[in-house]
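# Structural description and commentary
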Amino acid sequence: MFGYAGKMLEVDLSTQNIKMRKLEPDFAKDYIGGIGFNARILYDEIPAGADPLGPENILVFSVGCLVGTPFPTASRMEVSAKSPLSNGFGSSNSGAFLGLRLKGAGYDGLIIKGQAQKPVYLLIEEDKVQIKEASFVWGRDAWESIDLLKARHYGAEVLLIGQAGENQVRFASIENGYYDGFGRTGMGAVMGSKKLKAVVIRGSKPIVPADPKGVLELSAKGQNLIKSASSYQAFCSYGTMNATIPYGGFNALSVHNYSRGTLPDWKQRAGRQIVDIYGSRHIACQSCIIACGHLAEITEGKYAGTLVKDMEITPTVSYSSNVGLSTEASIKSSELCQRYGIDMSSSGSVIAFAMELYQKGIINKDDVGYELAFGDDDAAFALLKDISLRQGIGDILAEGVKRAAEHWPGADDYAMHVKGVEIPMIDPRGRWSTWTLGILTNIRGGDHLRCRNPVEILRYNENLYYYQKERFGFKKPMYDRLDMPDDLKSAAIDLENDTVDIAVMSKWAEDLINLYNSVGICIRPPVMETIGPTILAELYTCMTGIPMNPDELMAGSERTWNLMKLFNLRHGEVADDSKFPRRFYRELQSGNIVDEDKVQAVLEQYWQVRGWNPGTGHPLPETEKRLGI
Amino acid sequence: MTQKRLYHNASLCNGCGICQLVCTLEHCRQWNHYQSRIKIVNDTERNAFYSVCCSHCEEAPCIMACLMNTIYKEPGSDITVRDLYHCIGCRACELACPFDAAVFDVIQEKVVNCDLCGGRPLCVEYCPNHALTYDYPEDQADKNRNQAASQKFGASLLEVFKFSGKEV
Amino acid sequence: MRIIIIGNGAAGNQAAQTIQNRDPEAEITILGAESIPFYSACALPDYLAGWIKRDQLFLKSSLNRHRVEIRLGQAVEDIKPDRQAVTAGGELLFYDRLIIASGSRPVLPNIPGIGMPGNFVIKSVHDIDRILAHNPRRIVVIGSGNIGIEAAETLEYQGCKVSIIEMMPRIMPRLFDEFPAMLIRKILENHGIEIHTGEKAQEVIGNNRVEGLITDCREISCDAVIWAAGVRQNTELARAAGIEIGSLGGIKVDSQMKTSHPEIYACGDCVETSDLLTGKPALCLLWSCAKAQAEVAARNCLGEKIAYPGALKLVAEDAYGKPCMAAGLLEEELNKKELKIIEQETENTYHRILIENERIMGIQAVGSMEAMGPLLYLMKKMVAPSEIKRIINSPVLLKNMPWMLTIDKYLQ
Amino acid sequence: MDTRGIFIDYHKCVGCGTCEMVCSLVHENACAPALSRIRIVRYRREALNVPVTCAFCEKPPCLDVCPVGAITKNYETGDVSIRAELCIGCRQCTQACPFGHMNFNAAQGTAFKCDLCGGDPQCVKFCWTGAIEYLDNEIAVDIKRSSFADSVMQQHDK
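Residues numbered from 1 in each chain as written. Chains lettered and ligands numbered in written order. Predicted model: local features only at pLDDT ≥ 70, side-chain atom pairs only at ≥ 80, totals over all residues. Heavy atoms only, no water.

## Details of the overall build of chain A
Under the convention used in this document: For helices the rule is a DSSP run of H or I covering at least 4 residues; for strands it is a run of E covering at least 2, with both sets numbered from the N terminus onward. The globule rule used here is 2.2 Å times the number of residues to the 0.38 power, and the radius of gyration it is set against is calculated over C-alpha atoms. Between buried and exposed lies partly exposed: a residue is buried under 20% and exposed over 50% of the maximum accessible area for its type, with that area taken using a 1.4 Å probe on protein chains only. The contact rule is simple, with two residues in contact once any of their heavy atoms fall within 4.5 Å. Accessible areas in this description were obtained via Shrake-Rupley with a 1.4 Å probe; residue shielding takes into account the shown protein chains only.
The helix and strand inventory of chain A stands at 28 helices and 21 strands. Rg of the C-alpha trace for chain A: 23 Å, near the compact-globule value of 25 Å for 629 residues, within the 12% margin. Taken over the C-alpha atoms alone, chain A extends approximately 65 × 60 × 50 Å along its principal axes. Taking all 629 residues of chain A together, the buried fraction comes to 68%. Excluding contacts between residues fewer than 6 apart, the proportion of contacts in chain A whose partners are at least 24 apart in sequence is 70%. Surface summary for chain A: the accessible area is close to 19200 Å², and the carbon and sulfur share equals 47%.

## Let's talk about the overall build of chain D
Quick reminder of the rule: Positive: Lys, Arg. Negative: Asp, Glu. His and the chain ends are not part of the count. By convention, charge coordinates are those of NZ in Lys, CZ in Arg, CG in Asp, or CD in Glu.
Each helix and strand in chain D was counted, giving five helices and eight strands. Beginning at the N terminus, the succession of helices and strands in chain D can be written as β-α-β-β-α-β-β-α-β-β-α-β-α. Viewed in the frame of its principal axes, chain D has a C-alpha envelope of about 60 × 35 × 25 Å. Counting all 158 residues of chain D, 59% fall into the buried class. By element, 53% of the accessible surface of chain D is carried by carbon and sulfur atoms, the whole surface being about 6700 Å². Across chain D, 16 positive and 18 negative side-chain charges occur, with their mean positions spaced 7 Å apart.

## Observations regarding the domain arrangement of chain D
Residue and element names in this part refer to chain D. Cut-off, in case you're wondering: Here the bounds of each domain stem from an automatic or database domain assignment. Values labelled buried area give the accessible surface lost by two parts on being combined, using a 1.4 Å probe and summing over both. A carboxyl oxygen of Asp or Glu within 4 Å of a side-chain nitrogen of Lys or Arg is what we treat as a salt bridge. Counted as a polar contact is a pair of N or O atoms within 3.5 Å, where, for protein atoms, one must be capable of donating a hydrogen and the other of accepting one, and residues adjacent in sequence contribute only when both atoms are in side chains. Polar here means any residue other than Ala, Val, Leu, Ile, Met, Phe, Trp, Tyr, Cys and Pro, which are nonpolar, and Asp, Glu, Lys and Arg, which are charged; Gly is therefore polar.
Structurally, chain D comprises domain 1 (1–53 + 118–158) and domain 2 (54–113). In this structure, domain 1 and domain 2 have C-alpha centres spaced 21 Å apart. Buried area between domain 1 and domain 2, both sides added, is near 870 Å², and the carbon and sulfur share of it is 49%. For the pair domain 1 and domain 2, the interface holds zero salt bridges. Scanning the region where domain 1 abuts domain 2 turns up three residue pairs in polar contact (both at pLDDT 80 or more). Classifying every residue of the side of domain 1 that touches domain 2 by side-chain character gives four nonpolar, two polar and four charged.

## Let's talk about the pairing of strand β5 (residues 85–88) of chain C
Residue and element names in this part refer to chain C. To keep it simple, the criterion reads: Strand pairing is assigned whenever DSSP identifies at least 2 bridges connecting the two strands.
Alternating positions in β5 separate into two faces, A85 and T87 on one and V86 and A88 on the other, with burial throughout. As paired elements, strand β4 (residues 76–80) and β5 share four bridges and run antiparallel to each other. What sits directly across from D78, in β5, is T87. Linking two consecutive strands that pair antiparallel, namely β4 and β5, is a turn of four residues; a positive phi of about 55° is found at Q84 within it.

## A short note on the sheet that holds strand β6 (residues 91–94) of chain C
Residues and elements named next belong to chain C. What counts here: Here, axes are lines fitted to C-alpha atoms. For helices the fit covers the stretch in contact, and angles between N-to-C directions go from 0 to 180 degrees.
Within the open sheet, the three strands sit side by side as β4-β5-β6. Their pairing is antiparallel. Only two strands of the sheet have a single neighbouring strand rather than two, namely β4 and β6. Averaged over all neighbouring strand pairs, the angle between strand axes comes to 25°, with direction disregarded. As paired strands, β5 and β6 are joined by four bridges and run antiparallel to one another. In the strand pairing of β6, A85 is matched with F94.

## Examining a nonpolar patch on the surface
All names here are of chain C. The condition that has to hold: Only residues above 30% relative accessible area that lack a salt bridge enter a patch, with like-charged residues linked at up to 9 Å and the nonpolar side chains Val, Leu, Ile, Met, Phe, Trp and Tyr linked at up to 5 Å.
Together, V231, L248, L283 and L285 line one region of the surface with nonpolar side chains, adding up to about 260 Å² of accessible area. Here L285 is to be found in the loop between β21 (281–282) and α8 (287–301). Residue classification places L285 among the partly exposed positions, given a relative accessible area of 31%.

## Points about the nonpolar core
Grouped burial of nonpolar side chains is what soluble globular proteins tend to show. For clarity, the cut-off: For this analysis, a nonpolar core means a set of buried residues of the types Ala, Val, Leu, Ile, Met, Phe, Trp, Tyr and Cys, connected via side-chain atoms within 4.5 Å.
Counting residues in hydrophobic clusters, the biggest one holds 206 residues, and the most contacted among them are I79, V86, I100 and M404 of chain C together with I132 of chain D. Counting residues per element, this core draws most heavily on α8 of chain C, at eight residues. Membership of the second largest hydrophobic core comes to 156 residues, among which are A116, I131, M187 and M543 of chain A.

## Observations regarding the packing of aromatic side chains
Residues and elements named next belong to chain A. Definition in use: Paired rings are identified among Phe, Tyr and Trp, the last through its six-membered ring, by centres lying within 6.5 Å, and are further divided according to the angle between planes into stacked (under 30 degrees), edge-to-face (over 60) and tilted (the rest). Throughout this description, the term charge over a ring refers to an Arg CZ or Lys NZ atom that lies within 6 Å of the ring centre and within 35 degrees of the ring normal.
A full pass over the atoms with the stated rule returns 23 aromatic pairs over all chains. Note on F61 and F182: the rings are 6.0 Å apart at their centroids and 75° apart in plane angle, and the pair reads as edge-to-face. One end of the pair, F61, is in strand β3 (residues 59–63); the other, F182, is in strand β11 (residues 180–182), with 121 residues separating them in the sequence. Pair check on accessibility: F61 and F182 agree, each one buried. For the ring pair Y121 and F136, a centre distance of 6.0 Å and an interplane angle of 75° mean the geometry is edge-to-face. You can see Y121 sitting in strand β7 (residues 120–125) and its partner F136 sitting in the loop between β8 (128–133) and α4 (142–152), a full 15 residues away along the chain. Sitting above the plane of the F136 ring, R152 keeps its charged end 3.7 Å from the centroid. The ring of Y479 is capped by K489, whose NZ or CZ atom sits 5.1 Å from the centre of that ring.

## Brief notes about the confidence of the model for chain D
Using the following cut-off: Confidence of the prediction at every residue is given by pLDDT, a number between 0 and 100.
Chain-level statistics for chain D give a pLDDT mean of 87 and a share of 98% at 70 or above. Both confidence scores are given for the complex: pTM 0.83, ipTM 0.81.

## Quick notes on the interface of chain D and chain C
Facing 13 residues of chain D, the contacting portion of chain C comprises twelve residues. Buried area between chain D and chain C, summed over both chains or domains, comes out near 1100 Å², and the portion from carbon and sulfur atoms is 59%. Among the residues of chain D in contact with chain C, D64, V65 and E85 of chain D are the three that bury the most area, contributing 43% of the side total. Counting every contact that joins chain D to chain C gives one salt bridge. Taken together, the connections running from chain D to chain C amount to four residue pairs in polar contact (both at pLDDT 80 or more). Of all elements in the fold, only α2 (61–65) and α3 (92–96) of chain D reach the threshold of two or more residues within the side of chain D that touches chain C. Here the residues of the side of chain D that touches chain C are counted per class, giving seven nonpolar, three polar and three charged.

## Remarks on the sheet that holds β21 of chain C
Residue and element names in this part refer to chain C. Taken in spatial order, the three strands make up an open sheet running β18-β20-β21, and their pairing is mixed. Looking along the sheet, the strands with just one partner apiece sit at the ends: β18 (251–252) and β21. Relative to β21, strand β20 (residues 271–274) is paired through two bridges, and the arrangement is antiparallel. Looking at the pairing, S274 lines up with P281 of β21.

Pasting the structure below:
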């Protein structure tokens, strides 16, 4: 089979059974790869009501089908399981070199079932797969464990959990090498519940494309397209730090657990200039031509000697604004999160939540053991350690804000989550946009990464026409270049009034991002702006030899999205879950609240656009039939 | 993954010859370094020791030279093995080997080469200086590359950061 | 692809093996004139001496019998290049590619008494069986090539009285220069083999059975004569099919082992290739050359473009436990321009290296084969001896080529 | 004589591996870094990346150690190349190369090395950081020289 490795590896840790699953061409075409494979496998194989931390849960890693090409940013890999935070579809995406290595070992995916008796790790050396005893790394942090595992298995790619995953902290992450990770929705806890410390992968089989010349030409074309994006230069130099200042300006930041919208010294704390101060070298994932990551180095002061990949918006906003730490402390927090193997967004939210409870007097020093205050880095890091090791109050907080809030009366008001998953970054009260609606509609809960306008111009923050539209600043050339079917383009974008229809755009954006996650490319703005289904369909055909057109590709992505929604519904999601935390509806922030009814109206409109029941958000039979689910 | 092979690090070798002795003890049941499948060559000028051993060439000249077709690649692997039953000891393979790595076994009157002790080379196990290693060729190539790269950045880098995962 | 191979010898089998390794789908037919399976002709003397058993002669083959048809005892009657077919056993067999590996046969001079029982050649297993059945006690070997020497040695080992008659003034005249030849002669003579050089056999005498041999100098009484005075290429089939024959009597092939017909390749003893060192046309009737040529021919058959670098004379011999080897050219074959001969002699060993124009052109050794393999490859690589000095002086290179240290002492 | 060669600025490389992918795609019609002529050594913890490729040495150690003369140097063009049909796969060159450049294709059993894509290196074309450049020797050294001179002058001005 061209393009794909052609098989998936299935490991049952309970029975120590190792099987190969052949990849059927029809399955490959319908579900493309990455998250598509994951959705189908989880939907088919996890029974309703399964315990996310029990042996019935299945952890699936799938590589995007374009991974292995020189097409820019083609490096991503998706991991999915039933989430211990949301009890719905949990999924997370990561890049670096892992996807290529797994494909190079000869597998498109890795399916982990069951539960081991004692700590183990999985060693994959091409066709030789072994389940090995892992007591020598169990209990150690991620970086130490990587060093130990790499010393045993030379040149291997390692994906593993830290102490947080071992202790089944519900928002633990799976770390992918030193600096990258599958952060959100608690995949690390699932891996920890299976007592699987690490997966060590070695292998260098070639991936053979059907039309190598075409792949090369399209990759060159992709490079040129991405380089032509308006945000390309800025992203090359500063990465995601470009977006920190505008959000601060809109009062749309999550500051101190969403009690404020911005910080007075935000510009000094998190502007682009900190990249110049602390950042040293760029770090790229496989085939990436943006290299948005930077190695941050702190040479003096309290955190001297810290060396970590940082200077990205997620840790910066999560720790610098939400917890209120200084810039240097927020860089240090990245290292700690990566070592403990814990999601940066969620852990920041949980710490901020605890700090606010402390401030409000709901918990006190006796509960915690030390004083908590926003901006206190020692307290924040002590709490982070307690959570990761499940000590003291950390044991309660490790359950995530939704479950932790049930412990203390009145704490519910401060639990900032959607469907159990902590919301990072943006405050819809400050700026209402496709992006913020995405937090509500996101399959994996309160998360901002699965729905974003393909072209994001951070210029306006007006709530137009009852939340229905967002003001944009579209320019004609940008409009023309956008790779979107013409009818949809005219429905979504009103060039004359410079507005975007949020409901229509949300569907397109979600499907597009889902497509990216299926083929395995990155959602950095320069890519979103320029790469659409047309070039991806061409590349897919060249790579796999399976004829594919852009419409089929988008339909495949939509199929996956619907499948994930059906998974959530089967596992107990109801329409009422698609609600922001109460704080957004009631508590003024910079004079704004979110209007609950109007948001509900936009949401229902979005459901309608999706072909779902506008009352319940359940996919209609005709939609299921159209997509062939 | 291909088969592991034997590698010798001359900078660690002190020429003790234990490898040769264990090799002969294992294969010839005698303590006689002339019959060893691995040879340690002494460079007296530089006081250094180098090793000569079968490199298990892919298209091995010994296979082509053999008059009896007794040398072949083990099916499914790339290790050169011999079927000594048919060997007539004509020494053509010894002559054909560009590395002087085929050894005439005077006891059996047949020519032999390193068989990697069936996957657990004793010379590696007994090497007191860890000069001999048994490693995948890919890894060895990577290590060479890493070494070259470390030289580019100077030793300072490796001093600042202790071991870290280096890979390609 | 249908490929027919004429000849079930080293070249034929090697070609079949190569084709099968590279294209498992190819249909191969091997046509062998002898009705016995593939065996090693080089081990015949060892069999004669009883050092190996008869079954050890037959080489195991890993050819896939579903794809490879081996027809034994079916001599090819003719080749029809225009129809792409050969006739064997009255049957017409079609091919896409034909590989001729018909080999060679020993030359018997046309002298009186040659047809009598007791005249033998050493070419096939049957010849040895016949010698063993004859059970000779007093033998004359005509010719002192490697076959002759080995035959003499093995028969002597069996307790026979052996004489060698050589036409040229020294033994192994095509392989060794005068001095090493003399050393070998001494070894043989010390073990009781009688050697007469510069003589020519004139007549075999006897009464319905060999009883003696008359040369131009003497008469030797014997009960068997073994003719090992050279071989001739089997080129009759090719000649009849209109395939071009070279000046030395072998089938003419280009560097890809292709004959004058584009679908027909040839390899092994029956072809005439060029010499690796001089580039001149040469015959090289050696097992290793045959295998290398077969490999090249087979791969070119399958559409690869591989060139045969040229034949290199290479003989390893065992004279009563003393290994002897010779490779490359002899002193008399060289132009003698800037000729440098390095000789090293110890009590038991002798090495001779011929260097012409800063190139190693020939190596001969008696008594020890140490470092000869690497030297041989330096000869093939055409490395100047001064380069070896450079390598030895460079620790980086020496680390990878420690055998250079052993070579160094021969080139001082 | 062609004096151009591949020059690598280690400090510009971000380790994206596009060059490896492109190289294997051009030469082997497959996507596999292991089959690439140019390889990147990644110090992942320190985020340092060193692309390693053939230096086309004037006295190539690989040529010297090759037992069969499969590696040749053309002294007119400066090119060092492997004739795959002669290679016996002994891997001596992979050990001899001081850069660890010489690669080995285990499936085919032959060593392989950079051939500069016949004068139009594709890795250079696809390298977006400018870390890999195909320059005339004199120009490359000149760039190096002037950048060093700049740094000296800056120190001086301070």
